[in-house]
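Breakdown of the fold
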Amino acid sequence: MAFELPNLGYAYDALEPNIDAKTMEIHHSKHHNGYTTKLNGAIAGTDLEGKSIEDILNTLDMSNGAVRNNGGGFYNHSLFWTVINPSNKGELSGDLKNAIMEAFGSFDAFKDTFSNAAATQFGSGWAWLCVLPGGKVEVCSTPNQDNPLMPGVTCGGTPILGLDVWEHAYYLNYQNRRPDYINAFFNVINWNEVASRYEANK
C-alpha cells in the first residue's frame, strides 16, 4: 500500500503567529507531498514496498539516495506535524520531564541544548530529542532529511521531538532569523504528543 500524505488535523493558520499559514500550506501541501510522491516512486516494485516507514529506515541502504532523502522527508514531516499540533498541548510533566531533568539538569538547559543543535546545524537539517532504550533522552541534529532511525546516523534512539530547520520551514516569516523561529517553536510544542511518544519508545 502506498504511503499517503497525512492530514494535519488542524488549519494552516492554527499556529500563528509562531508559524504563519502560508508557510504551513506550502510546507505541507508542496514539500511533504513531494517527499511522499517520490518515496512511493522510489520503492515501487522493490522489496521495500509494503513495509512500514520505520522498517524501511531502520534497515536502509544509506547509498540509496532516493529512499534516504524521500523516506526521511516523509517520516520527519509526519512526526513534525504531530508534535506541533495545537490541540490539547499539555505541559511537560511526568516521566518525560524527569528524564529531561536527569539528562540536562533543568528545562532551560534542555531548551538551550536543543536550540543550539537547531541553530548550529549547517545548512538544511533537523534537531531532535530522542529516547534511548531504558528511558534516557538525548539531543542531536542531522543534515538534510536524515534522522536517528537510519543506520550509522550519529543520533541514537527514537526521535520523539523534531524541529525542521530547512529554510522552507521558516523563511517566509523569519527570513534569515533562524534563532527567532527556533524560539517560537517552543510556543507550539504539543507536550502530550511528545510524552506519548516517549512512553511508547522508552
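For the structure given in this document, a descriptive report is provided here. Quantities reported herein were computed from a predicted structural model and do not represent experimental measurements.

The next subject is helix 1 (residues 21-43). For helix 1, spanning 23 residues, the distance from its first C-alpha to its last is 32 Å, which sits close to the expected 33 Å at 1.5 Å a residue. By the largest-angle criterion, His27 marks the main kink of helix 1, which is about 30 degrees. All of the buried residues in helix 1 are Ala21, Thr23, Met24, His27, His28, His32, Tyr35, Thr36, Leu39, Asn40 and Ile43. Along its buried surface, helix 1 packs onto helix 2 (53-58), helix 3 (65-83), strand 3 (158-164) and helix 6 (171-174). Looking one or two residues past helix 1, Gly45 carries a phi angle of roughly 80 degrees, positive in sign.

Another aspect to go through is the environment of Pro143. Take Pro143: it is sitting in strand 2 (residues 137-143). As for Pro143 and Gly125, which are separated by 18 residues in sequence, their C-alpha atoms are 4.1 Å apart. Every residue in contact with Pro143, bar those within four places of it in the chain, is listed here: Gln121, Ser124 and Gly125.

As summarised here, the arrangement of the three strands in space is 2-1-3, forming an open sheet in which the pairing is antiparallel. For this open sheet the edge positions go to strand 2 and strand 3, each flanked by a neighbour on one side alone. Strand after strand, the sheet turns through a mean of 25 degrees between neighbouring axes, direction not considered. Both strand 1 (residues 125-131) and strand 2 contribute to a ladder of seven bridges, which runs antiparallel. Within the sheet, the bridge partner assigned to Gly125 lies in strand 2 and is Pro143.

Moving on, we come to the state of the cysteines. Scanning the model with the defined rule gives one disulfide in all. Here Cys140 is linked by a disulfide to Cys155, with a sulfur-sulfur distance of 1.7 Å. Between Cys140 and Cys155 the sulfur-sulfur dihedral comes to about 120 degrees; the bridge is accordingly right-handed. You can see Cys140 sitting in strand 2 and its partner Cys155 sitting in the loop between strand 2 and strand 3, a full 15 residues away along the chain.

A few words now on the environment of Val137. Mapped onto the fold, Val137 is located in strand 2. Its relative accessible area of 8% is what places Val137 among the buried residues. Apart from the residues within four sequence positions on either side, Val137 is in contact with Ala99, Ile100, Ala103, Phe104, Leu129, Cys130, Val131 and Tyr198.

For the coordinates displayed, the defined rule picks out six salt bridges. Among the salt bridges present, the one from Asp95 reaches Lys202, with a minimum N-O distance of 3.0 Å. Here Lys202 lies in the segment after helix 8 (191-201) and Asp95 lies in helix 4 (residues 94-104), a separation of 107 residues in the sequence. Residue Glu193 pairs with Arg197 through a salt bridge whose shortest N-O separation is 2.9 Å. Of this pair, Glu193 and Arg197 are both found in helix 8, four residues apart, which corresponds to roughly one turn of the helix.

As a further point, take the packing of helix 5 (residues 107-120) against helix 7 (residues 178-185). Here helix 5 crosses helix 7 at 140 degrees, and the two axes come no closer than 10 Å. What the angle tells us is that helix 5 and helix 7 run oblique. The way helix 5 lies across helix 7 gives a crossing that is right-handed. Two secondary-structure elements touch here, helix 5 through Lys111, Phe114, Ser115, Ala118 and Ala119 and helix 7 through Arg178, Ile182, Asn183 and Phe185. Tallied by class, residues from the contact of helix 5 with helix 7 come to five nonpolar, two polar and two charged.

Quick notes on the rules
- Starting from 1, residues in each chain are numbered consecutively following that chain's sequence as written.
- Note on the predicted model: pLDDT of at least 70 is required for a residue's local features to be given, and 80 or more for side-chain atom pairs to be given and counted; whole-chain, interface and lining totals, by contrast, use all residues.
- Excluding hydrogens and water, the side-chain values take into account all heavy atoms of the structure.
- Numbering of helices and strands runs from the N terminus, with a helix taken as a DSSP run of H or I at least four residues long and a strand as a DSSP run of E at least two residues long.
- Helix span, expected: 1.5 Å multiplied by one less than the number of residues in the helix.
- At any given residue, the bend is defined as the angle formed between two axes, one fitted to the seven residues that end at that position and one fitted to the seven that begin there.
- When accessible area is computed with a 1.4 Å probe and restricted to protein chains, residues below 20% of their type maximum are described as buried, those above 50% as exposed, and intermediate ones as partly exposed.
- In this description, contact between two residues means that some pair of their heavy atoms is separated by no more than 4.5 Å.
- In short, DSSP must find at least two bridges between two strands for them to pair.
- Here an angle of 0 to 180 degrees is reported between the N-to-C directions of two axes, which are lines fitted to C-alpha atoms, with helices fitted over the stretch in contact.
- The criterion for a disulfide is a pair of cysteine sulfur atoms lying within 2.5 Å.
- A side-chain nitrogen of Lys or Arg and a carboxyl oxygen of Asp or Glu constitute a salt bridge if their distance falls within 4 Å.
- Between 65 and 115 degrees an angle is taken as roughly perpendicular, under 35 as roughly parallel, over 145 as roughly antiparallel, and anywhere else as oblique.
- Two helices that cross are described as forming a left-handed crossing if the nearer one is turned anticlockwise from the farther one by less than a right angle, and a right-handed crossing if clockwise.
- Three categories are distinguished: nonpolar for Ala, Val, Leu, Ile, Met, Phe, Trp, Tyr, Cys and Pro, charged for Asp, Glu, Lys and Arg, and polar for the others, with Gly belonging to the last.

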